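# Tertiary structure, described
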Amino acid sequence: MSETKEFPTLNKLGLLDKKHIQILDPGHVDHLLSTIIAGGFNKMQVIADHDRTLSRAHYNNEKTETCHGIMDNSPLMPPYYREEASKLLNKYYPIEVDPIMTEEEKTPHMVEWYGKIHTLLIKCGMSRTSIATMVKQSNVRLRDGTEDLFSKLKSKSVPVLVFSAGMGDILEEVLRHFNVYDDNVKVVSNFFEYDEQGNMIGFKGEIIHVFNKNENAVHESDYFKKIGGRNNVILLGDSLGDIKMAHGVPQPNNVLKIGFLNDKIEERMEMYKKNFDIVLVDDQTMEVCNRLIDLMM
Ligand code: C5P
C-alpha cells in the first residue's frame, strides 16, 4: 500500500516525505493525529516549552536569545554579571545538549548552573521596571506563525500552558511584547521575588531547570483538573526534558509530542525520534501546528 493511503492524516497534513520532518512510527502518529482531530477543540490543550520552542533558535544567521540570554546580554545589567553569566553558559550549555550524558548525569550540573546564576542575579538587585526595555532591546523572536497559532487557539478557547525553565518575568514580557499573552495562556516558570522598591531579591518556589519539569507543583495543582476532559494534548518542546511537561494530564490521554531539534542535529536525531512523535529539524516555524489546527477549524 502506498504511504498516502496507509497514513491518510499525515498525508492530508503534508507531513510525509519531507526531509526536515522525521517520524519514527508513522502508523502510531497517524492514529494519534486522527484521534486529536476527531476530538475537536473542546478536548484539546497545548503544553509548550518557551526558549527555542515558542521562540526561534536563530534568525538572520544569528543565535537568538533565551530568557536568560536576554538578561545575560542586556546593557542594563552590570558588566560583571554579563561576563560571569557568559562564562557559565559556555561551561554548562554543552552539558545540557551533550548527546552522550544521561539526564541523571546532567541534572547536578544544571542545578549548579541555575544556583550560580541565581546568586549572581540576586547580587545585581535588578529592577522590575527594566524588564520591558531588556526584552525590547533583545533579539528574541517567536517562531514564524506563532502569533497566528495563538490567535486561533484563543478563538477556540484552547488552554495553553507555557512551561519554562527560563525566567518567568522575562518570558511573560516576551509574550506580551508579541501580543500572544491572552487569558487562555498560563505560564509556569522561575519567577522573581521583589522588595517594596521593585528590586529583585530572590526567586519564588523551587527551581525549574531543563530536566525536572515532571516535579513542578503544577502537576499537583488543580490546573489539569480545572481543564478536565481535555485529554488530547499537543506538546511542543526542544529538549528531551520537555516530554515530562504533560506528566499531570489525567489518563487516558493522547499526547502528540512535537520536538524541535535545533542543535547537535545528527548526534541527537535518533534519541529525538525515539522520544518525540514528530521531530522538526531546524524548522523555525509553527507551520506543522498551524496546519493541524487549520484542519480542525
Ligand atoms: O523555556 P525553556 O525551558 O527551554 O528554558 C530553559 C532554557 O534556558 C534552556 O534551553 C537553557 O539553555 C537556557 N538557559 C540559559 N541560561 C541559563 C540557564 C538556562 O540560556 N543560565
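Residues numbered from 1 in each chain as written. Predicted model: local features only at pLDDT ≥ 70, side-chain atom pairs only at ≥ 80, totals over all residues. Heavy atoms only, no water.

Counting its secondary structure elements, the chain contains twelve helices and eleven strands. Computed over the C-alpha atoms, the radius of gyration of the chain is 19 Å, within 12% of the 19 Å expected from 2.2 N^0.38 for a compact globule of 297 residues. Over its C-alpha atoms, taken along the principal directions, the chain stretches across nearly 65 × 40 × 35 Å. Counting over 297 residues, the chain shows a buried share of 55%. Of the contacts formed within the chain by residues at least 6 apart in sequence, a portion of 70% connects residues at least 24 apart. Accessible area of the chain: about 13700 Å², with a carbon and sulfur share of 49%. Here the chain carries 35 positive and 44 negative side-chain charges, and the mean point of each set is 3 Å from the other. (Helix = DSSP H or I, 4+ residues; strand = E, 2+ residues; numbered from the N terminus. Rg over C-alpha atoms; globule rule 2.2 N^0.38 Å. Buried < 20%, exposed > 50% of the residue type's maximum accessible area, 1.4 Å probe, protein only. Contact = heavy atoms within 4.5 Å. Areas by Shrake-Rupley, 256 points an atom, 1.4 Å probe, with all protein chains shown as cover. Lys, Arg positive; Asp, Glu negative; His and termini not counted. Charge placed at Lys NZ, Arg CZ, Asp CG, Glu CD.)

Turning our eyes to something else, we now look at the pairing of strand 6 (residues 185–190). Counting buried residues along strand 6, five of its six residues qualify, which places the element largely inside the surrounding structure. In terms of strand pairing, strand 5 (residues 160–167) meets strand 6 through five bridges, oriented parallel. Looking across to strand 6, one finds that Met167 is bridged to Asn190. With helix 9 (residues 168–177) bridging strand 5 and its parallel neighbour strand 6, the resulting β-α-β unit is right-handed. (Pairing = 2+ DSSP bridges. Right-handed = clockwise from strand over helix to strand, strands pointing away.)

Their axes nearest at 10 Å, the elements helix 5 (residues 79–96) and helix 6 (residues 103–124) cross at an angle of 170°. Taken together, the axis directions place helix 5 and helix 6 in an arrangement best described as roughly antiparallel. The segment helix 5 lies against helix 6, with Tyr80, Tyr81, Glu84, Ala85, Leu88, Leu89, Lys91, Tyr92, Tyr93, Ile95 and Glu96 engaging Lys106, His109, Met110, Glu112, Trp113, Lys116, Ile117, Leu120, Leu121, Lys123 and Cys124. Class assignment of the residues belonging to the contact of helix 5 with helix 6 gives a composition of 14 nonpolar, one polar and seven charged. (Axes fitted to C-alpha atoms, helices over the stretch in contact; angles between N-to-C directions. Parallel < 35°, antiparallel > 145°, perpendicular 65-115°, else oblique. Nonpolar A, V, L, I, M, F, W, Y, C, P; charged D, E, K, R; others polar.)

The subject of this paragraph is the nonpolar core. Counting 98 residues, the largest nonpolar core has Leu121 and Phe192 as its most contacted members. Top contributing element to this core by residue count: helix 6, with seven residues. Excluding its chain neighbours within four sequence positions, the residues that come into contact with Leu121 are Met71, Met77, Tyr81, Met126, Met167, Phe192, Met200 and Phe203. (Core = buried A, V, L, I, M, F, W, Y, C linked by side-chain atoms within 4.5 Å.)

Next up on the list: unusual backbone geometry. The peptide bond linking Gln251 to Pro252 adopts the cis configuration, its omega dihedral lying at -5°. Within the secondary structure, Pro252 sits in the loop between strand 9 (232–237) and strand 10 (254–261). The backbone of Arg52 sits at a positive phi, close to 65°, despite the residue not being glycine. Secondary-structure assignment places Arg52 in the loop between strand 2 (44–48) and strand 3 (58–59). Look at Asn179: it is not a glycine, yet its phi comes out positive at around 55°.

The tally for this structure, following the rule as stated, stands at twelve salt bridges. With its nearest N and O atoms 3.7 Å apart, the salt bridge here joins Lys87 to Glu84. Taken together, the residues span about one helical turn, with Lys87 and Glu84 both in helix 5 at a distance of three residues. Relative accessible area serves as the criterion here: at 32%, Glu84 is assigned to the partly exposed category. The network of salt bridges with common partners includes Asp49, Lys213 and Asp242. (Salt bridge = Lys/Arg side-chain N within 4 Å of Asp/Glu carboxyl O.)

Quick look at the packing of aromatic side chains now. Here a ring pair, both rings aromatic, is described through the centre-centre distance and the interplanar angle of the planes. All told, the structure shown has six aromatic pairs when counted by the stated rule. With 6.2 Å between their ring centres and 85° between their planes, Phe192 and Tyr194 make a pair best called edge-to-face. The class of Tyr194 is buried, set by a relative accessible area of 15%. Aromatic rings pair up to connect Tyr92, Trp113 and Tyr114 into one cluster. Positioned above the aromatic ring of Phe260, the side-chain terminus of Arg143 is 3.8 Å from the ring centre. (Phe/Tyr/Trp six-rings, centres within 6.5 Å; stacked < 30°, edge-to-face > 60°. Lys NZ or Arg CZ within 6 Å of the ring centre and 35° of its normal.)

On to helix 5. Between its first and last C-alpha atoms helix 5 spans 25 Å; for 18 residues at 1.5 Å apiece the expected length is 26 Å, and the two agree. Residues of helix 5 that are buried include every one of Tyr81, Ala85, Leu88, Tyr92, Tyr93, Ile95 and Glu96, and no others. Buried residues along helix 5 sit against strand 4 (62–63), helix 4 (67–72) and helix 6. (Expected span 1.5 Å × (residues − 1).)

The next point concerns the confidence of the model for the chain. A residue-level look at the chain finds 100% of positions with pLDDT of 70 or above and a mean pLDDT of 95. Interface confidence in the predicted complex, given as ipTM, is 0.97; pTM for the same model is 0.96. (pLDDT = per-residue confidence, 0-100.)

Taken together, 16 residues sit near the ligand, with Asp49, Asp51, Glu96, Ser164 and Ala165 positioned nearest. Between an oxygen atom of the ligand and a side-chain N or O atom of Glu96, the distance comes to 2.6 Å. Taking Trp113, its side chain carries an N or O atom lying 3.2 Å from a nitrogen atom of the ligand. Protein chains bury 98% of the 470 Å² of accessible surface belonging to the ligand in isolation. Taken together, the elements giving at least two residues each to the shell around the ligand come down to helix 5, helix 6 and strand 5. (Near = heavy atom within 4 Å. Polar contact = N/O pair within 3.5 Å; in protein donor to acceptor, adjacent residues only side chain to side chain.)

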